[in-house]
Amino acid sequence: MRSVRSQIALTFIVISVLVIVLLGVLLSYEIEKYYFDRLLASLRTETMVIAALLQESARRSESRENMEKDLAAFASAAQMRITLIDSSGVVVYDSSVPDSLLQSLENHSQRQEITEARQTGTGANVRFSKSILQDLVYVARKVESPRASAAVFPSLQFVRVSVALTEVNRVMYEIRFKIVIVSIMILVVVLIVTQIVSKRLTKPLTEIAEMVKEIKAGNLDQKLPVRSNDEIGRLAELINEMTDKLKADIEQLKKLERVRSEFLGNVSHELRTPIFSLKGFIETLLEGAVDDPAVNRRFLEKAYHHANRLDTLLSDLIEISRIESGEMKMSFRYVDAVSILKNLIADFSDSAAKRKQSLLVEVPDREVLVLGDKDRLRQALGNIVDNAIKYSPEGAATTVRLIEAERSTTISISDAGPGIEDEHLPRIFERFYRVDKTRSREVGGTGLGLAIAKHIVEAHSSQISVTSEMGKGTIFSFELKK
């Protein structure tokens, strides 16, 4: 399997080679075309100069011999071949062919450069010369005033110059060679840069792969370095965030596992006491106490008490399970908080009276509407008031207050109980948590009342706050939206 680094490098190299080859071909073509166009332009200029030279020589009535010397010198200096052609296509002078052999040359009237010159004034062509056996570039120009040199070259019509392609090919070879050398240098640079870039790009990916491998192995303590603000840097940040979340989730799962184990232990312990007591009383009755009028009723009353406690515990367990699993649905509507608190006091007045306690309510003499579930609010408040009555001494007072604000209403329950030490306050809403385990069981609490109340209040988008002072009592309070 190819690595990402090798794939990136190969892609860069292939693209670079294709681009360099394409640019090299285009550049070579354009340079060759530019050089050839410049050569043609230069040769056209040379034909103009030769035509002017011929006219000047004729004006001075120079002999053919002198004219041929001048033309030969010009051709030698310019490294070109000069040919003079009359109107019928016959060559009357050629710097590369002796005069004695001129008659053996073919008629040039149908040569492409001559045909174009006859039509447009100038013409050009590239072909192989049979007379000197080389590829030549030909440029011909039609002479404007052929009569000026008629005494020396009768019927002169065209001046043609040509150069061998050998020089052109040599120059183009040098240019192509330089293009190839530059292309190779560019390719080497691309290879080096590709290695650097691919390494820089793939190093974070390699680190991420190693990190994922560590995560898979369960090691969540490592952190990926974030070296850039691009997509790879963002990916590293996300993996770090994911690792932190996984660590938190694992810690939460461990905590939940501990809570679950504690919960099962607490449930087992809480169920064992009433069941053991029930079993003991029933066994005693079955062994003969049922026939003893002095003890049978007392034992049945105790058995009923423990059965009732067991029923309350199971009901609370079912209730908190429904709340925490989301099965319990709240029905929110605007309800009268004053009416709820007055009915609450009436419901618990007998329990308070049995303990020689008083229940006080401080509410306005009018309706105060709050947004909530009436039955669930009644249940949460009932659990708090029930605790206040159970843990307050005889003669104490429990006060329920309603305090209005602009957008909310605060409900508080204050008792005159023994108070709760600061170390216990953060945990009193945990299931089965008891500040005084012995006393809690004596008064008949299940250890779930405050946990249920907390969940109900939180379902109303609020929080229960607790303040307590040892020896003076405790205050529970929470807000409801108006």
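Just above, that's the structure.
Treat the numbers as computed from the prediction; the structure is a model and nothing was measured.

What counts as what
Residues numbered from 1 in each chain as written. Predicted model: local features only at pLDDT ≥ 70, side-chain atom pairs only at ≥ 80, totals over all residues. Heavy atoms only, no water. Salt bridge = Lys/Arg side-chain N within 4 Å of Asp/Glu carboxyl O. Helix = DSSP H or I, 4+ residues; strand = E, 2+ residues; numbered from the N terminus. Buried < 20%, exposed > 50% of the residue type's maximum accessible area, 1.4 Å probe, protein only. Phe/Tyr/Trp six-rings, centres within 6.5 Å; stacked < 30°, edge-to-face > 60°. Lys NZ or Arg CZ within 6 Å of the ring centre and 35° of its normal. Contact = heavy atoms within 4.5 Å. Pairing = 2+ DSSP bridges. Axes fitted to C-alpha atoms, helices over the stretch in contact; angles between N-to-C directions.

Engineer: Looking at this model, I keep getting lost on the pattern of salt bridges. Mind explaining?
Structural biologist: Proximity of charged atoms lets side chains of opposite charge pair with each other. Taken as a whole and assessed by the stated rule, the structure comprises 17 salt bridges. Residue Asp94 is joined to Arg81 by a salt bridge in which the shortest nitrogen-to-oxygen separation is 2.6 Å. Taken together, the positions of Asp94 in strand E2 (residues 91-94) and Arg81 in strand E1 (residues 81-86) put the pair 13 residues apart, joining distant regions of the chain. Across this residue pair, the class does not change: Asp94 and Arg81 are buried. A salt bridge links Glu430 to Arg427; the shortest N-O distance between them is 3.0 Å. Given a relative accessible area of 34%, Glu430 falls into the partly exposed group. The exposure class assigned to Arg427 is partly exposed, which follows from its relative accessible area of 36%. Linked by salt bridges that have partners in common, Glu113, Arg127 and Arg160 make up one network.

Engineer: Mind showing me how you'd approach unusual backbone geometry here?
Structural biologist: Even without being a glycine, Gln79 presents a positive backbone phi close to 55°. Checked against the element boundaries, Gln79 lands in the loop between helix H2 (64-78) and E1. Of note in this structure, Ser461 is not a glycine but carries a positive phi near 60°. Within the secondary structure layout, Ser461 lies in the loop between helix H10 (449-459) and strand E11 (465-469).

Engineer: Explain the packing of aromatic side chains here, please?
Structural biologist: Centre-to-centre distance and the angle between the planes together describe a pair of aromatic rings. Applying the stated rule across the entire model yields 2 aromatic pairs. Between the aromatic rings of Phe429 and Phe476, the centroid separation amounts to 6.3 Å while the plane-to-plane angle is 85°, which identifies the pairing as edge-to-face. Highlighted residues: Phe429 in the loop between strand E10 (408-414) and helix H9 (437-443) and Phe476 in strand E12 (residues 473-481), separated in sequence by 47 residues. Each member of the pair, Phe429 together with Phe476, is buried. Positioned over the ring face of Tyr138 is Arg127, at 4.1 Å from the centre of the ring.

Engineer: Whenever I open this one, the environment of Ala303 confuses me. Can you help?
Structural biologist: Along the chain, the position of Ala303 falls in helix H6 (residues 296-325). Separated by 112 residues in the primary sequence, Ala303 and Asp415 place their C-alpha atoms 32 Å from one another. The contacts of Ala303, once residues within four sequence positions are left out, are Leu278 and Phe281.

Engineer: It is not clear to me how the side chain of Thr47 should be interpreted in this structure. Could you clarify?
Structural biologist: Structurally, the position occupied by Thr47 is in helix H1 (residues 4-59). Under the relative-accessibility criterion, Thr47 is labelled buried at 0%. Not counting chain neighbours up to four residues away, the residues in contact with Thr47 comprise Val139, Arg141, Val159 and Val161.

Engineer: Sorry, what's going on with the sheet that holds strand E7 (residues 358-362) here?
Structural biologist: Strands pair in a sheet through their backbones, by hydrogen bonds, and they do so in one of two ways: parallel or antiparallel. Taken in spatial order, the 5 strands of this open sheet run E7-E9-E10-E12-E11, and their pairing is mixed. Strand pairing shows two members of the sheet lacking a second neighbour, E7 and E11, which therefore form its edges. Sheet twist, expressed as the average angle between the axes of neighbouring strands with direction ignored, equals 15°. Lying over the sheet, helix H7 (residues 337-354) contacts E7, strand E9 (397-404) and E10, oriented at roughly 170° with respect to E7.

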